[in-house]
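Residues per chain, in single letters:
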Amino acid sequence: MEYQEAKDKFISTWGSLGTLWGINKAMAQIQSLLFISTKPLSMEEIMEELKISRGNTSMNLRQLMDWGIVTKELVPGERKEFFTTEKDVQELARHIAKERSRREIKPVIKILKDVSSIKDDGTEKTKELIKQTKALHDLAETADTMMNKIVNQEHNWITKSLLKLIK
């Protein structure tokens, strides 16, 4: 397989995986293009490479910056904005895990806590609702705590060991 075919295959596959993780295909493709790029890219270069519109590119770059995954970079002598992404795979994974926890898991934990804390009126259905949502709350909170402990360890033996197990 030649470079261009491999590059296209990687970007396409990463885009498809992104949809499974809850982000849109274009967002994942932009991040993957920046990830394998040897230099910061302008919006126009991203648009041309991925064959996507300016609006789609702009919106997805903004979202990636909101996640803290993509940053603007100044290129001396250029007026255009250039973009780059985290190149360290472990750091990227840590960043994504932290953001997903903040945006997705913590709100669910709060709702489960609220629901499992309703007044027990003594009925079987209320007791079951409290029991099951409390169990889910405890599980989600424990998993979130464990994940946060792992991702907050910068390049230590735990992180490296877990990433080796996953591979």
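Source: prediction; values computed, not measured. (Residues numbered from 1 in each chain as written. Predicted model: local features only at pLDDT ≥ 70, side-chain atom pairs only at ≥ 80, totals over all residues. Heavy atoms only, no water.)

J.: Is there a simple way to explain the environment of K25 in this structure?
T.: Locating K25 in the fold gives a position in helix α2 (residues 25-36). Residues K25 and T13, spaced 12 residues apart in sequence, show a C-alpha to C-alpha distance of 9.5 Å. The contact partners of K25, leaving out residues within four places of it in the chain, are G15 and T19. (Helix = DSSP H or I, 4+ residues; strand = E, 2+ residues; numbered from the N terminus. Contact = heavy atoms within 4.5 Å.)

J.: Can you help me understand the environment of K51 in this one?
T.: Summarising the element assignment, K51 is placed in the loop between α3 (43-50) and α4 (54-66). For the pair K51 and A26, spaced 25 residues apart in sequence, the C-alpha separation works out to 9.9 Å. Within the local environment of K51, its side chain forms a polar contact with the backbone oxygen of E48, the two atoms lying 3.1 Å apart. (Polar contact = N/O pair within 3.5 Å; in protein donor to acceptor, adjacent residues only side chain to side chain.)

J.: Could you clarify how one ought to interpret the nonpolar core in this entry?
T.: Soluble globular proteins tend to bury their nonpolar side chains together. I30, L34, I46, L50, L61, V70 and F83 are the most contacted members of the largest nonpolar core, which has 19 residues in total. The set of elements that each furnish at least two residues to this core consists of α2, α3 and α4. Non-local contacts of I30, meaning those with residues more than four positions away in its chain, are made with I46, L50, I52, T57, N60, L61 and L64. (Core = buried A, V, L, I, M, F, W, Y, C linked by side-chain atoms within 4.5 Å. Buried < 20%, exposed > 50% of the residue type's maximum accessible area, 1.4 Å probe, protein only.)

J.: Sorry, what's going on with the domain arrangement of the chain here?
T.: How big an interface is tends to be stated in terms of the accessible area lost upon association of its parts. Annotation of the chain at the domain level lists domain 1 (3-85) and domain 2 (89-166). The distance between the C-alpha centroids of domain 1 and domain 2 comes to 30 Å. Of the residues lining the interface, eight residues belong to domain 1; the matching set on domain 2 comes to eight residues. Of the roughly 700 Å² buried between domain 1 and domain 2 on both sides combined, carbon and sulfur atoms contribute 64%. At the surface where domain 1 touches domain 2, the tally comes to zero salt bridges. Applying the counting criterion to the domain 1 and domain 2 interface returns three residue pairs in polar contact (both at pLDDT 80 or more). Among the residues making up the side of domain 1 that touches domain 2, the classes are represented as four nonpolar, three polar and one charged. (Domains from an automatic or database assignment. Buried area = accessible area lost by both parts, 1.4 Å probe. Salt bridge = Lys/Arg side-chain N within 4 Å of Asp/Glu carboxyl O. Nonpolar A, V, L, I, M, F, W, Y, C, P; charged D, E, K, R; others polar.)

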